[in-house]
Amino acid sequence: MKKFFCNLSCLILFVSLLALLLPCVSYGAGSTAENAVKLLLKDTSSSPCTVKIFSKYSMDRMWPVSESLYEKTLEKMGNDTLLTVKNLDWKDNDTYEIWVIDGKCMYSTLVKEEDLNVTKTMSTESYAPFKINCSDLGNNIIIDAVNIYYTNLSGYGLNIANIFNVTDGQILLPPGIYNIQLSLYDNTTGDKYLALKRNYDTVKSNNNVTLIKSEFAKMGIQFDNPKNIPIKSASLKLLDWDLYEGDAFPVNFSDIANASLYVTNQGYRGYSVELDTGNNCVIKYSKPSSYLSPSDIIRISAKINAEFSLPYHSFLPNEYIYNRQFKLTDKYYNTVEIIKGNYILKVSNESESHDFLFSDKFMLPDISGVFDMSIAIENVPFEITLENKKIYIGSPIPSDIFGENKVSFLLKNCPQNIQAVKVSYNQYGTDSFYWENIPAIEEKIGDDILYTVGNVFGGKDKKYFTVWLTTGNSLYKYTLTQSDLNKTISLSKEDNLIPFTIDTSKLGQDVRVKSLSLLVNPTSDFDEVGNLTDIPYNSELPGQNICFLPEGSYTLKLNMIDASGNIYKAAIPDFQISKSNSVLNFTPKDFTKMSFEINNTSSNKMLSYTYRLYVKSAGRSDMDIAYSSTETARDVYFLKTKNYGYEMYLAFAEYGGEQKIHYKKRTPAIMEQNLVIKADTNFQAKFNLDKNIYKPGEKMFVGLYDIYNILVFDSFGNPLDIQPNLINNVIELDNGNTSHKYYFTPNDCEVIFPNDPDEYKMKYYIDGFPLPFIPCETTVYINNGNAISGYIKPDFITGKIDPRAINGFKVEIPDAQFFTHTDDRGYFEIVTTSLNIASKLKISKPGYLAREIPLTPSEGNISVSTAQSPISIFAGDLNINGKQDGSINMADIVKMATRFNTVSGNEGYSVECDFNMDNSINMADVIIIAKHFNCTSLDY
């Protein structure tokens, strides 16, 4: 004891002095920390958690945040899970609501910007179990699924969680007001039940839902099937006013003709029904906005009518026709979709015929003339009546092609032809969709151009639409209403556009604008309304690039170039163009030099590179500024911005240039210096398994690109995403005699271990990958015999145990190469066919002194310790340069000093040094390491 206090006194003095003398390696509260939200979820299960984030713009407006707009990681820490969320946009949103779904348990919290870099603890200790009592419906009722969602004050339904297999009738919910949809079935009769509880207050309602049989009414389902076409299975979704189809639960029926469904007594917004005919064909019927009462009958028919819903009947060669322009209905006015089945477009006249197979779109042939167009559908056993449509392909367009449904624009003093036209359909006050390559008739009338378009979006079918015309250095915009049909609208630069100057003189007098794109409400490049590529360079006023634009708010994307070929790129969101704001200035300090270096070590011919720099626009999805591989020899300068990231796409000759390999990396930082982004084509994968010994039939979830079991990356750590559907990610188990393959769908896989005990090689590889790739391989064992088991506990724990302190100890049999890890109780179990091969157990964990336990050969089960008398482990042997040296010495104290006084969320915090798991490395941890200072593994 005297020696202990002597060591303790010396260590406390040494650590205190070292922490003062080494500020350069100290990571205290004053250091730079990452902008991340950290939530410690208490008492989570072993299943992967689901995370949903909502931006809370105000008290009455919330909206789900796309997973592409932030990064998240989940780290299992004993019984708990640490959720880290990075790159949330705090410019327009000051509050986020984060939900985490863990099995049948839900966590919820609000986070603000001041919560960055602080670990918040979320616990369900105060939750009362939310109980579902369905005994009044019968003794054989099974709760199939629970859908939790709620409606904010703006009227939007926000789905929070779908929880399945609620066999015990209870879940854990944070206090609040929810809408709850319950799917149940009678295990004896097969009757289905669908219950909806609106505005259910889990506090006032005492956390109890009781379903009464009198609340339900039987809803009829009628399927007109005169030819008695066999239906393999059917599923029905009923939609609430705030519950959209993607969030609703399907009620499944094996026999649609004898379906029995009971629903609670309230109205529904609509429904959808999917029928699987069993021949690789699935047909969907829907009425998404039709009031439906419980006593109504849902009627669908096997007789289907098909018609075209085209925006116009004149097309350019090679123009796309989309699936959505082809409309199917049945006699009950249900919208019908062929979920599985082949569409064939037929384009023909008396002299030629063309057939095209498509899924979501197909391209018209490179021909000209008048054709009959029709659609055929393969693999659909139902009776479908198809219409023919007469269309015109090619140019020039006959003058009478538009009939009386046309609009003409007279562009005054327009020296150049129209380069592009886009039409944005606008019904609710926001431009929501864009069509380009609109067929039109263009006539030169003196110095003017008369441009006529016809049947755009059906003309009279819509409230109004906007036409965007690009000519030379001018972009015209005009919003049409029905009163404009069959009229001529006169437009001029003087009356309708604003002279807009892009001043690049400070970048260099030879810098000119190569292209300027304008986007409206950008979520992607499909929202581009104009791209000016002919902006004249004023030699008398160097650096003054002048164009003519319509007034309004746009995102501007600029591509500029100097005489040496150096490129300047910029993306500017929410730029208001007006008479008082008609000049855009750039200086050299606005830009940073960026270069991409990629080493193609493959012998495969690479067709192209495409690099994209992503710039996060306030409150919107990421926009991108792209440049191709032909620009890699030049210097490229990007406008400085916050929250940038990059993606790289590679196309290879083996796949005709259509199949791509996708790298993706986001770097939340401000570009303040020259950046070099490196990548190569040497890829590798690695396993990170919790154990290598399994029981026959045991299941294991394998995930890619995350914290689970496999990582794929290049030599520079860029994560890899494989785009082509032709390439398969495969897990294979092979014992030399039999092989078992498991395929990913798309980025995860469930492995079910074979029933044959043996030693197996587990491999992960990619079928058909055209680049150098190092698969990962490890050995796993399937055993069905006796077990070595026990409990492990650090010796400093005397009271309540934090599961993180006893979870994750590696327990291995070195002689047999078997290993596993302790669970949240500190328990481990290794199943082996023979215990005679085991002479010792080795126990290790980063931060702890390894220990070996001798074993006595036995033919029965061996229990080396119990929960009441666990194996003791000493804390203090830290990882130094990736290794533990088998002793607790001064090297460990020096590392402890560099982490001293840090808390969870600081850059320098290390969970390895936080022995008592209080989220802080402090004097309590120093006392723990001092207890066994100068000890080695031989001192156990």
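Treat the numbers as computed from the prediction; the structure is a model and nothing was measured.

1. Side note on the overall build of the chain
- The helix and strand tally for the chain stands at 5 helices and 74 strands.
- Buried positions account for 51% of the 940 residues belonging to the chain.
- In the chain, 67% of the contacts between residues at least 6 apart in sequence involve partners at least 24 apart.
- When the accessible surface of the chain is split by element, carbon and sulfur atoms take 47% of a total near 43,100 Å².

2. A closer look at the packing of aromatic side chains
- The full count for this structure, using the stated rule, is 16 aromatic pairs.
- Taken together, a centroid distance of 6.4 Å and an interplanar angle of 80° make the contact between W468 and Y554 edge-to-face. Placement of W468 in strand 39 (residues 464-471) and of Y554 in strand 46 (residues 552-561) is noted, with a sequence separation of 86 residues between them. Both residues of the pair, W468 and Y554, count as buried.
- Between F809 and Y848 the ring centres are 5.0 Å apart and the planes differ by 65°, which places this aromatic pair in the edge-to-face class. Here F809, found in the loop between helix 3 (803-806) and strand 68 (810-813), pairs with Y848, found in the loop between strand 71 (840-844) and strand 72 (851-854); they are 39 residues apart in sequence, far enough to count as distant.
- Given a relative accessible area of 0%, F809 falls into the buried group.
- The exposure class of Y848 is buried, given its relative accessible area of 4%.
- The rings of Y568, F586, F591 and Y637 are connected pair by pair, giving a single aromatic cluster.

3. Topic: the pairing of strand 5 (residues 80-86)
- The buried fraction of strand 5 amounts to 6 of the 7 residues, a majority that puts the element mostly inside the structure.
- Where strand 1 (residues 36-41) lies against strand 5, 6 bridges are found, and the strand directions are antiparallel. Bridged to L39 within strand 5 is L83.
- Of the strand pairs in this sheet, strand 4 (residues 71-77) and strand 5 are connected by 7 bridges, and their pairing is antiparallel.

4. Brief notes about the sheet that holds strand 61 (residues 728-734)
- Strand order in the open sheet made by the 5 strands is 57-66-64-61-62, with mixed pairing throughout. Unpaired on one side and paired on the other, strand 57 (693-694) and strand 62 (739-743) mark the two borders of the sheet.
- In the sheet, strand 61 pairs with strand 64 (residues 758-767) via 7 bridges, with the strands oriented antiparallel. Looking at the pairing, L733 lines up with M762 of strand 64.

5. Some thoughts on helix 4 (residues 890-899)
- Taken residue by residue, helix 4 has D892, I893, K895, M896, A897 and T898 as its buried positions.
- Positioned one or two residues after helix 4, N901 has a phi angle of 70°, which is positive.

6. Comments concerning the environment of F548
- Positionally, F548 belongs in strand 45 (residues 544-549).
- For F548 and S582, which are 34 residues apart along the polypeptide, the C-alpha to C-alpha distance reads 9.7 Å.
- Every residue in contact with F548, bar those within four places of it in the chain, is listed here: N473, S474, L475, K493, L497, I498 and P499.

7. Observations regarding the nonpolar core
- Counting 51 residues, the largest nonpolar core has L238, L275, Y285 and F382 as the members making the most contacts within it.
- Formed jointly, this core draws a minimum of three residues from each of two domains, domain 2 (128-215) and domain 3 (235-286).
- If you look at the next biggest cluster of nonpolar residues, it comprises 41 residues, including L841, L849, C913 and I929.

8. Some details on unusual backbone geometry
- Positive phi, normally seen in glycine, also occurs at D43, with a value near 55°.
- Tracing the chain through its elements places D43 in the loop between strand 1 and strand 2 (50-58).
- Look at D43 and you get partly exposed, because its relative accessible area is 43%.

9. Focus on the side chain of N545
- Locating N545 in the fold gives a position in strand 45.
- Among the polar contacts listed, one links the side chain of N545 to the side chain of T504, at a separation of 3.3 Å.
- A polar contact is formed between the side chain of N545 and the backbone nitrogen of V513, at a distance of 3.2 Å.
- Setting aside residues up to four positions removed in sequence, N545 forms contacts with F500, T501, I502, T504, V511, R512, V513, I535, P536 and Y537.

10. Section: the pattern of salt bridges
- Inspection of the entire model under this criterion finds 12 salt bridges.
- Note that K695 is salt-bridged to E829, the shortest N-O span being 3.5 Å. Residue K695 is found in the loop between strand 57 and strand 58 (699-703), and its partner E829 is found in strand 70 (residues 827-832); the two are separated by 134 residues along the sequence.
- Among the residues examined, K695 registers a relative accessible area of 42% and is labelled partly exposed.
- On the basis of relative accessibility, which here comes to 31%, the residue E829 falls in the partly exposed class.
- The closest approach of N and O atoms between E912 and K895, which form a salt bridge, is 3.1 Å. Placement of the pair is E912 in the loop between helix 4 and helix 5 (923-930) and K895 in helix 4, with a sequence separation of 17 residues. Here E912 and K895 have matching classes, each one buried.

11. A few points about the sheet that holds strand 56 (residues 683-687)
- Taken together, the 3 strands give an open sheet; going across it, the order is 59-56-65, and neighbouring strands pair in mixed fashion. At either end of the open sheet lies a strand with only one pairing partner, and these are strand 59 (710-714) and strand 65 (773-774).
- Pairing analysis gives 2 bridges linking strand 56 to strand 65, with the strands arranged parallel. Bridge pairing in strand 65 places Q684 opposite I774.

12. Some thoughts on the packing of helix 4 against helix 5
- The geometry of helix 4 relative to helix 5 is characterised by a closest axis approach of 11 Å and an angle of 175° between their N-to-C directions. With respect to helix 5, the axis of helix 4 lies roughly antiparallel. Here helix 4 contributes D892, I893 and M896 to the contact with helix 5, which in turn contributes D925, V926 and I929.
- Here the contact of helix 4 with helix 5 is built from residues that sort into 4 nonpolar, no polar and 2 charged.

13. Some words on the side chain of D925
- Position of D925 among the secondary structure elements: in helix 5.
- In this structure D925 is buried but unpaired, with R804 as the nearest side chain of opposite charge at 10.0 Å.
- Ignoring anything within four residues of it in the chain, the contact list for D925 reads M896, C913, D914, F915, N916, D918 and S920.

14. A few points about the confidence of the model for the chain
- For the chain, per-residue confidence averages 77 on the pLDDT scale, and 76% of positions sit at 70 or higher.
- In this model, residues 18-33 is a region of pLDDT below 50 whose contacts with residues beyond four sequence positions or in other chains number 20 contacts.
- Per-residue pLDDT stays below 50 along residues 626-633; that stretch engages in 17 contacts with residues further than four places along the chain or on separate chains.

15. So, the environment of N919
- By secondary structure assignment, the location of N919 is in the loop between helix 4 and helix 5.
- When sequence neighbours within four positions are dropped, the list of residues in contact with N919 reads L40, R804, V903, S904, Y909 and D914.
- Here the side chain of N919 touches R804 through a polar contact of 3.3 Å, side chain to side chain.

16. With respect to the environment of Y791
- Looking at the secondary structure, you find Y791 in strand 67 (residues 786-794).
- Those residues in contact with Y791 that sit more than four places away from it in its chain are R825, G826, Y827, F828, S865, T866, A867, P870 and I871.

Analysis parameters
- Residues numbered from 1 in each chain as written.
- Predicted model: local features only at pLDDT ≥ 70, side-chain atom pairs only at ≥ 80, totals over all residues.
- Heavy atoms only, no water.
- Helix = DSSP H or I, 4+ residues; strand = E, 2+ residues; numbered from the N terminus.
- Buried < 20%, exposed > 50% of the residue type's maximum accessible area, 1.4 Å probe, protein only.
- Contact = heavy atoms within 4.5 Å.
- Areas by Shrake-Rupley, 256 points an atom, 1.4 Å probe, with all protein chains shown as cover.
- Phe/Tyr/Trp six-rings, centres within 6.5 Å; stacked < 30°, edge-to-face > 60°.
- Pairing = 2+ DSSP bridges.
- Core = buried A, V, L, I, M, F, W, Y, C linked by side-chain atoms within 4.5 Å.
- Domains from an automatic or database assignment.
- Polar contact = N/O pair within 3.5 Å; in protein donor to acceptor, adjacent residues only side chain to side chain.
- Salt bridge = Lys/Arg side-chain N within 4 Å of Asp/Glu carboxyl O.
- Axes fitted to C-alpha atoms, helices over the stretch in contact; angles between N-to-C directions.
- Parallel < 35°, antiparallel > 145°, perpendicular 65-115°, else oblique.
- Nonpolar A, V, L, I, M, F, W, Y, C, P; charged D, E, K, R; others polar.
- Lys, Arg positive; Asp, Glu negative; His and termini not counted.
- pLDDT = per-residue confidence, 0-100.

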